[in-house]
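# Descriptive analysis of the structure
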Amino acid sequence: MIDRTPVSKALMDLIAKATGRPCGLGQLPLVNGKPAEVPYTVLYPLGGSVGGAPLADSSEDAELVYQLTSVAGRGDQAEWMADRGRRAVLERGASGAWLFPLDVLGVDVWVRELDADDGIDASASVEGIVTSSQRYRLSASGSA
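Residues numbered from 1 in each chain as written. Predicted model: local features only at pLDDT ≥ 70, side-chain atom pairs only at ≥ 80, totals over all residues. Heavy atoms only, no water.

## Here's the deal with the confidence of the model for the protein chain
Model confidence for the protein chain is summarised by a mean pLDDT of 90, while 90% of its residues fall at 70 or above. Per-element confidence in the protein chain ranges from a low mean pLDDT of 86 for strand β4 (residues 40-51) to a high of 98 for strand β1 (residues 23-25). (pLDDT = per-residue confidence, 0-100. Helix = DSSP H or I, 4+ residues; strand = E, 2+ residues; numbered from the N terminus.)

Here's what the structure looks like:
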């Protein structure tokens, strides 16, 4: 079985490193024990299917869905953060390899795709917060 927890943690770390901004897992990220200043991202595990290995295969498979919400003080800042998040998850180098590897012991994430992009939600901008959300689908196989 492929456990979601190590994949979620690795993806959160990848996003924080690639964007250069804090990323929380299902909650506001903390920096030195205090709430992060905008912009930042929050990664939400949304579900997906996990299956055991078929008879002729010793690998397990999973499709894991995540929402990445960029939180900012202005619309242009939210869009900039969303662009950085998309690059973190989806960008490939000239060789075709992921520019930001997702390293999880015993798990090979072989597909990363944008499932939905809800764009910017400025409805909360009265309070000085603007968000942008994307959903990503990861396909993974466990190693034997």
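## A short note on the side chain of Ser133
Note on placement: Ser133 falls in strand β7 (residues 130-142). Each residue touching Ser133, except ones within four places of it in the same chain, is listed here: Gln67, Leu68, Thr69, Ala116, Asp117, Asp118 and Gly119. (Contact = heavy atoms within 4.5 Å.)

## Thoughts on helix α2 (residues 75-90)
Taking 1.5 Å per residue, 16 residues should reach 22 Å; α2 reaches 22 Å between its end C-alpha atoms and fits that length. Taken residue by residue, α2 has Gln77, Ala78, Met81, Ala82, Gly85, Ala88 and Val89 as its buried positions. In an axial view of α2, the angular spread of the buried residues amounts to 135°, which keeps them on one side of the axis. (Expected span 1.5 Å × (residues − 1). Buried < 20%, exposed > 50% of the residue type's maximum accessible area, 1.4 Å probe, protein only. Arc of directions from axis to C-beta.)

## A closer look at the environment of Pro22
If you trace the backbone, Pro22 turns up in the loop between α1 (4-19) and β1. For Pro22 and Val42, which are 20 residues apart along the polypeptide, the C-alpha to C-alpha distance reads 8.4 Å. What Pro22 contacts, discounting residues up to four positions off in sequence, is Pro29, Val31, Ala36, Pro39, Tyr40 and Thr41.

## Regarding the packing of aromatic side chains
Taken as a whole and judged by the stated rule, the model has zero aromatic pairs. Seen from the ring of Tyr66, Arg4 lies directly overhead, with NZ or CZ sitting 5.0 Å from the centre. (Phe/Tyr/Trp six-rings, centres within 6.5 Å; stacked < 30°, edge-to-face > 60°. Lys NZ or Arg CZ within 6 Å of the ring centre and 35° of its normal.)

## Considering the nonpolar core
Of all hydrophobic cores here, the largest spans 23 residues; its most connected members are Val7, Leu11, Ile15, Leu43 and Leu102. Within the residue set of this core, elements represented by two or more residues are α1, β5 (61-72), α2, β6 (107-121) and β7. With seven residues, α1 is the single largest residue contributor to this core. Those residues within four positions of Leu43 in sequence are excluded, and the remaining contacts are Ser8, Leu11, Met12, Ile15, Cys23, Gly24, Leu25, Gly26, Tyr66, Gln67 and Leu68. (Core = buried A, V, L, I, M, F, W, Y, C linked by side-chain atoms within 4.5 Å.)

## A look at the pattern of salt bridges
Per the stated rule, a full pass over the model turns up eight salt bridges. Residues Arg86 and Asp83 are paired through a salt bridge, measuring 2.4 Å at the closest nitrogen-oxygen approach. Remark: Asp83 and Arg86 occur in helix α2; sequence separation between them is three residues, near one turn of the helix. On the accessibility criterion, Arg86 (21% relative accessible area) is partly exposed. Among the ionic pairs, Glu91 bridges to Arg87, the shortest N-O distance being 2.7 Å. Note on Glu91: relative accessible area 25%, which makes it partly exposed. In the salt-bridge network here, residues are joined through shared partners; they are Glu63, Asp115 and Arg137. (Salt bridge = Lys/Arg side-chain N within 4 Å of Asp/Glu carboxyl O.)

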